[in-house]
Amino acid sequence: MNSKFMREAIRLSRQKMLRNEGGPFGAVIVRNGKTVGRGWNRVTSANDPTAHAEVSAIRDACRKLKTFHLEGCVIYVSCEPCPMCLAAIYWARIGKIFYANTRRDAARIRFDDDRIYREIRLPAPCREIPMKQLLRAEALKVFTEWQSKRVKIYY
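Described below are features of the structure shown in this document.

Counted by the stated rule, this structure contains 6 aromatic pairs. Arranged with centres 6.4 Å apart and planes meeting at 80°, the rings of phenylalanine 68 and tyrosine 155 form a pair that is edge-to-face. Placement of phenylalanine 68 in the loop between α3 (53-65) and β3 (73-79) and of tyrosine 155 in the segment after α7 (136-148) is noted, with a sequence separation of 87 residues between them. Residue classification places tyrosine 155 among the exposed residues on the basis of a relative accessible area of 60%. Of the aromatic side chains, those joined through ring pairs into one cluster are Phe5, Tyr76 and Phe98. The lysine or arginine in question, arginine 42, covers the ring of tryptophan 40, its NZ or CZ lying 4.0 Å from the ring centre. The positively charged end of arginine 103 is found above the aromatic ring belonging to tyrosine 117, 3.9 Å away from the centroid.

Take a look at the structure:
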């Protein structure tokens, strides 16, 4: 744990929020004691609901390191990750998360990630957004092709 990196994430969150580039969230990815990725919330400035600080930092680190796995990295975030960002952190294989504000702190300023956490726990038919399976047999054919493909990169 290094407070210097958390302060960098907090500084990014404040600086970019004051410049109206998005919400008050920042993230720093570190490998071997060196910053390899930085990100801040760009949802409103980029018109991209997935442009959260963590996702932006993951994209930055992957671009710099020329890889899609960030094993051996640690992420420092100014707020507890939302479900989307938490999933992205898992997909990136980041080994540890340090966070400052909690998701309840975020809810108090009207960033209600906790609502999504509650939705995920519900069975699919009980969620706010309906889900219905369609054309599974056709889609499974593509999975079968993937299985028989000789050259592929697993992630």
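What follows is about the sheet that holds strand β1 (residues 26-31). If you walk across this open sheet you meet the 4 strands as β2-β1-β3-β4, and the pairing is mixed. The open sheet is flanked by β2 (34-40) and β4 (96-101), the only strands paired with a single partner. Direction aside, neighbouring strands of the sheet carry axes that sit 15° apart on average. Where β3 meets β4, 5 bridges bridge the pair, whose relative direction is parallel. Each residue of the ladder has a partner; that of cysteine 79, found in β4, is asparagine 101.

Under the criterion given, the structure shown has 0 disulfides. Just so you know, cysteine 79 is unpaired, no disulfide at all, and the nearest cysteine sulfur is the one on cysteine 82, 9.2 Å from it. You can call cysteine 79 buried: its relative accessible area is 5%. The thiol sulfur of cysteine 85 is not disulfide-bonded, and the nearest other cysteine sulfur, from cysteine 82, lies at 3.7 Å.

At their nearest, the axes of α3 and helix α4 (residues 83-92) sit 8 Å apart, and the two run at 25° to each other. For the element pair α3 / α4, the angle class is roughly parallel. Once α3 is placed against α4, the crossing between them reads as left-handed. On α4, the residues that touch Glu54, Val55 and Ile58 of α3 are Met84, Cys85, Ala88, Ile89 and Ala92. Looking at the contact of α3 with α4 residue by residue, the class counts come to 7 nonpolar, no polar and 1 charged.

On to α4, then. Residues Pro83, Cys85, Ile89 and Ala92 constitute the buried set of α4. On its buried face, α4 sits against α3, β3, β4 and α6 (113-121). Immediately downstream of α4, the backbone of arginine 93 shows phi near 70°, a positive value.

Turning to α3, a few remarks are in order. Given 3.6 residues per helical turn, the α-helix brings residues three or four places apart onto the same face. A rise of 1.5 Å per residue sets the reference length of α3, with its 13 residues, at 18 Å; its end C-alpha atoms lie 18 Å apart and thus fit the reference within 8%. For α3, the set of buried residues is Ala53, Glu54, Val55, Ser56, Ala57, Ile58, Asp60, Ala61 and Cys62. In this fold, the buried residues of α3 make contact with β1, β2, β3 and α4. Lysine 66, located one to two residues past α3, shows a positive phi value of around 55°.

Turning our attention to the pairing of β1. Counted residue by residue, β1 has 5 buried out of 6 residues, so it is predominantly covered. In terms of strand pairing, β1 meets β2 through 6 bridges, oriented antiparallel. What sits directly across from valine 30, in β2, is threonine 35. Counting the residues between successive antiparallel strands, the hairpin from β1 to β2 contains 2 residues, one of them, asparagine 32, with a positive phi of roughly 50°.

Conventions we followed
Residues numbered from 1 in each chain as written. Predicted model: local features only at pLDDT ≥ 70, side-chain atom pairs only at ≥ 80, totals over all residues. Heavy atoms only, no water. Phe/Tyr/Trp six-rings, centres within 6.5 Å; stacked < 30°, edge-to-face > 60°. Helix = DSSP H or I, 4+ residues; strand = E, 2+ residues; numbered from the N terminus. Buried < 20%, exposed > 50% of the residue type's maximum accessible area, 1.4 Å probe, protein only. Lys NZ or Arg CZ within 6 Å of the ring centre and 35° of its normal. Pairing = 2+ DSSP bridges. Axes fitted to C-alpha atoms, helices over the stretch in contact; angles between N-to-C directions. Disulfide = S-S within 2.5 Å. Parallel < 35°, antiparallel > 145°, perpendicular 65-115°, else oblique. Left-handed = near helix turned anticlockwise from the far one by under 90°. Contact = heavy atoms within 4.5 Å. Nonpolar A, V, L, I, M, F, W, Y, C, P; charged D, E, K, R; others polar. Expected span 1.5 Å × (residues − 1).

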